[in-house]
Amino acid sequence: MLPASSLVPAVFLDRDGVLIEDSGYPHLDEHLILIPGAAEAVRRLNALGYLIVIVTNQSGVARGLFSEDRMHRFNDLLVRKLASMGARIGAVYACPFHAEAQDERYRHPDHPDRKPNPGMILKAAADHDIDLSRSFMIGDRQSDLEAARRAGISGFLFETGNLDTFVRDLIGA
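Per chain, residue numbering runs from 1 following the sequence as it is written. Given that the model is predicted, a residue must reach a pLDDT of at least 70 before its local features are reported, and side-chain atom pairs must reach 80 or more before they are shown or counted; all residues, however, enter totals for whole chains, interfaces and linings. Excluded from the side-chain calculation are hydrogens and water; included are all heavy atoms of the structure.

S.K.: Looking at this structure, how should I read the overall build of the protein?
M.R.: Helix numbers and strand numbers start at the N terminus; a helix is a DSSP run of H or I with at least 4 residues, a strand a run of E with at least 2. Looking only at helices and strands, the protein has six helices and five strands in total. Traced from its N-terminal end to its C-terminal end, the protein shows the element sequence β-α-β-α-α-β-α-β-α-β-α. The quantity called the radius of gyration is restricted to C-alpha atoms. Its globule counterpart is 2.2 Å times the number of residues to the power 0.38. Whereas a compact globule of 173 residues would reach a radius of gyration of roughly 16 Å, the protein reaches 15 Å, a difference of no more than 12%. Taking the principal axes of the C-alpha coordinates as reference, the protein spans close to 45 × 35 × 25 Å. Whether a residue is buried, partly exposed or exposed follows from its accessible area with a 1.4 Å probe, protein chains only, as a fraction of its type maximum: under 20%, in between, or over 50%, in that order. Among the 173 residues that make up the protein, the fraction classed as buried is 47%. Here the contacts in the protein between residues at least 6 apart in sequence split such that 70% fall between residues at least 24 apart. Note that accessible areas follow from Shrake-Rupley with a 1.4 Å probe, and for residues the cover is restricted to the protein chains shown. Accessible surface for the protein amounts to roughly 8,100 Å². Of this, 50% is attributable to carbon and sulfur atoms. Counted as positive: Lys and Arg. Counted as negative: Asp and Glu. His and the chain ends are not counted at all. Just so you know, the charge point we use is NZ for Lys, CZ for Arg, CG for Asp and CD for Glu. Charge centroids of the protein, computed over 19 positive and 24 negative side chains, lie 2 Å from each other. The criterion used for residue contact is that any of the two residues' heavy atoms lie within 4.5 Å.

S.K.: Help me out: how do you make sense of the sheet that holds strand β4 (residues 136-139) in this one?
M.R.: In a beta sheet, neighbouring strands are held together by backbone hydrogen bonds and run either parallel or antiparallel to one another. At least two bridges found by DSSP between two strands is the condition for calling them paired. Reading across from one edge, β3-β2-β1-β4-β5 is the order of the five strands in this open sheet, with parallel pairing throughout. In the strand order of this sheet, the two ends are held by β3 (91-95) and β5 (154-157), each with one partner. On average, each strand axis in the sheet is tilted by 20° relative to the strand beside it, whichever way the strands run. Strand direction decides the pairing type here: strand β1 (residues 10-13) and β4, joined by three bridges, are parallel. Counterpart to V11 in the pairing with β4 is F136. Helix axes are fitted only over the stretch in contact, all axes being lines through C-alpha atoms; the angle between N-to-C directions runs from 0 to 180 degrees.

S.K.: How do you make sense of helix α1 (residues 38-47) when you look at a structure like this?
M.R.: Along an α-helix, residues three or four positions apart point the same way, because every turn accommodates 3.6 residues. Burial in α1 covers these residues: A38, A39, A41, V42, L45 and N46. All buried residues of α1 project into a common sector of 160° when viewed along the axis, lining one side. To obtain the arc, one takes the directions from the helix axis to the C-beta atoms.

S.K.: How do you make sense of helix α4 (residues 119-127) when you look at a structure like this?
M.R.: Taken as a whole, α4 has its buried residues at G119, M120, I121, A124 and A125. Looking at the packing, one finds that the buried side of α4 touches β1, β2 (51-57), β3, β4 and α5 (142-151).

S.K.: What's the story with the pairing of β4 in this structure? I'm lost.
M.R.: Two faces, one strand: in a regular strand the side chains alternate between the faces of the sheet. Both faces of β4 are covered, namely the face carrying F136 and I138 and the face carrying M137 and G139. Here four bridges tie β4 to β5, and the two strands are oriented parallel to one another. Bridged to F136 within β5 is S154. A clockwise path from the first strand over the helix to the second, with the strands pointing away from the viewer, defines a right-handed crossover. Each parallel crossover has a hand, and for β4 linked through α5 to β5 it is right-handed.

This is how it looks when you write it as structure tokens:
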């Protein structure tokens, strides 16, 4: 473990409903519709020194709606789109597991990565030398906030509107 001074703060963002419109299992290129203010919010957080990490439950894989490869391609497209707008995503963690999976490979009664469990946040913290004491989560569901709580970080509920306005009001910058 690095000394605390070497660790970076992070903002963990849910994907569907926070960064992109939640159209119900978005996975096709045409489903990629940014939430108003998403790129601006990520740029604002980048400028303040936060590593931005997407943590997203993706049960559509488990439900057989799309493949894990398709999920990764969609996430890569989102990262590239945001990057083209000057907004840097440091990492993406996605959990394709679900208790009622159609595909046996993704069936798990309570996978440690599936929010409200904190697995994706804790993995990211270990993988990227993140200082959880200076980090927080923005999600659109109670399960996001519960994952944050279980990881020992603050969680904030984004319900609708402009993400940049929400972030600016949240951090006062």
